[in-house]
Amino acid sequence: MPRGQLYHPSIHDHRAPVSSYWEATAPPLGVAAAPLDGERRCEVAIVGGGYTGLSAALHLAREHGIDCAVLEAGPIGWGASGRNGGFCVLGSGKRSLGELARRYGAEEARRFHQLQRAAIALVEDLARDEGIDLEATGRGELLVAHRPARLAALRRQADETEAITGERWPLLSRAELQERHVRMEEAAGALAVPHGFGLHPLRFVRGLAAAAARHDAILHSGTDVVELRREGDGYRLRTARGSLRARRVLIATNGFYREGLTRRLDGCLLPALSSIVVTRPLSAAERAAQGWRAPLLLADTRTLLFYIRLLRDGRLLFGARGGTDAAPAAFARRIAWMRRRLAGRFPAWAGVEVDHAWWGLVCLAYDRVPHLGPLDEGRALWFAGAYHGGGVAMATALGRVAAARLAGARDPFPLPGFMDGAPPRFPLPSLRLLGLRAGYIAAQIGDACL
Ligand SMILES: Cc1cc2nc3c(=O)[nH]c(=O)nc-3n(C[C@H](O)[C@H](O)[C@H](O)COP(=O)(O)OP(=O)(O)OC[C@H]3O[C@@H](n4cnc5c(N)ncnc54)[C@H](O)[C@@H]3O)c2cc1C
């Protein structure tokens, strides 16, 4: 394995699009994104062509009139942005509002909540203003208690959320959940979060890219940045076929960051696998067999959570976090495991064919919250990321905040202090994956018993 890389190299093979349901159903990019060739210059260079990088590019070009270029190793949106579950919801950290309030104060927790709500609204605004068809479905998200004890935890979460934000989220009993929404074997009840919706992630990321290009941002796909070095008052980014000189740089690689690009970020991020299967379309009778009518978004209360939604054409999208082996053989085992888990939750769909399966990397930080901040003393090199598997809305928002900071303008949204700054380094970076494995074992025990 290349030095500093935590997973099997195939997970970083960006030469081709990832075969997914989204890839099979999205319109093409529709704007030019040729590989960088020769020597170029620009004001701001952005490494990574996902929501973070493209939102930054769009806002730099549209709001601040700044000449910028996005360098993406694979096709535009190749990373998590083009292949996620499409949950545009709250939840871009691994700490509840109550935990954040105890750790950083209630005002900081409230600010985080407001930022997350603003992030969802930003996605909707961008879709409207830039004419992006998100294929939006559903409203809100159900957090499903996978054991009776977790219903009590959800009740606590509802109380803490109300105390911090003033919002009262309804708690549903098992019977209410079954009657109104879905019959899921293990569900003991659910918390109905009123925020968020489902979208087609690849449509969104390609729409963002097209909008950025229309506002004169330059896009380069197939452009892997292999070296980043300080030069004069800026940086030089070297790629296979050329190089780009920029006064400022944003690293927007999230979980697909490859160590060695910049020392300040090495050892600060922990990529983690998330996997998805999508079934063939389920008929109305098949959906009724599990009492599932509307295009709901569900996530369960496991630490290693399952996320589930019904797509527009009646297919079930079933996603799961976990696993630390990204080798191709492990992928087949993972998908077989997910099919068994799907059948366990929805027995009526046990034999239903799976048409699409894929996986990708989400990104964790040591302090379990997202981050935006400079990586150097001159504030010319920036990072935004670590969305903990919840970046659809937050990455879009932090791209916008990063654009404002790179332009020297005021923040469009106030960030809580705990997010402001580069992510801290893990105490023993070389043992990150071992730590994750141990954490997963503990989580599995906790999820099964508590
Ligand atoms: C399977 C899966 C399901 C998910 N489901 C959800 C969900 O339902 N809801 C939600 O909110 N979040 C979800 N997420 C997380 C969400 O997709 C991410 O948080 C978000 O897309 C991050 O966007 P980004 O632009 O920061 O990074 P990415 O979209 O990952 O983009 C980073 C890009 O950087 C590029 N790159 C890396 N190194 C270099 C280099 N040296 N040179 C050039 N380019 C480089 C990569 O090729 C990649 O395309 C999911 C993630 C996965 C993997």
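Analysis parameters
Residues numbered from 1 in each chain as written. Predicted model: local features only at pLDDT ≥ 70, side-chain atom pairs only at ≥ 80, totals over all residues. Heavy atoms only, no water. Phe/Tyr/Trp six-rings, centres within 6.5 Å; stacked < 30°, edge-to-face > 60°. Lys NZ or Arg CZ within 6 Å of the ring centre and 35° of its normal. Helix = DSSP H or I, 4+ residues; strand = E, 2+ residues; numbered from the N terminus. Buried < 20%, exposed > 50% of the residue type's maximum accessible area, 1.4 Å probe, protein only. Polar contact = N/O pair within 3.5 Å; in protein donor to acceptor, adjacent residues only side chain to side chain. Pairing = 2+ DSSP bridges. Axes fitted to C-alpha atoms, helices over the stretch in contact; angles between N-to-C directions.

Caption draft 1: Quick look at the packing of aromatic side chains. Taken as a whole, this structure holds 13 aromatic pairs when the rule is applied. The ring of Trp 78 carries the charged tip of Arg 83 above its face, separated from the ring centre by 4.6 Å. Just above the ring of Phe 306 sits the side chain of Arg 345; from NZ or CZ to the centre is 4.3 Å.

Caption draft 2: Up close: the side chain of Glu 167. Inspection of the secondary structure assignment puts Glu 167 in the loop between helix H5 (148-165) and strand E5 (171-173). Glu 167 gets classed as buried once you look at its relative accessible area, which sits at 16%. Looking at Glu 167, its side chain comes within polar contact range of the side chain of His 113, at 2.9 Å. Of note is the side chain of Glu 167, whose polar atom sits 2.7 Å from the side chain of Arg 117.

Caption draft 3: Structural view of the sheet that holds strand E16 (residues 354-365). Here we have 8 strands laid out as an open sheet, ordered E5-E6-E4-E13-E14-E15-E12-E16, and mixed in their pairing. The open sheet has two edge strands, E5 and E16, and neither has a second partner. Averaged over neighbouring strand pairs, the angle between their axes works out to 20° when direction is ignored. Bridge analysis of strand E4 (residues 141-144) against strand E6 (residues 189-193) gives 4 bridges, and the strand direction is antiparallel. The residue bridging Leu 143 from the neighbouring strand is Leu 191, located in E6.

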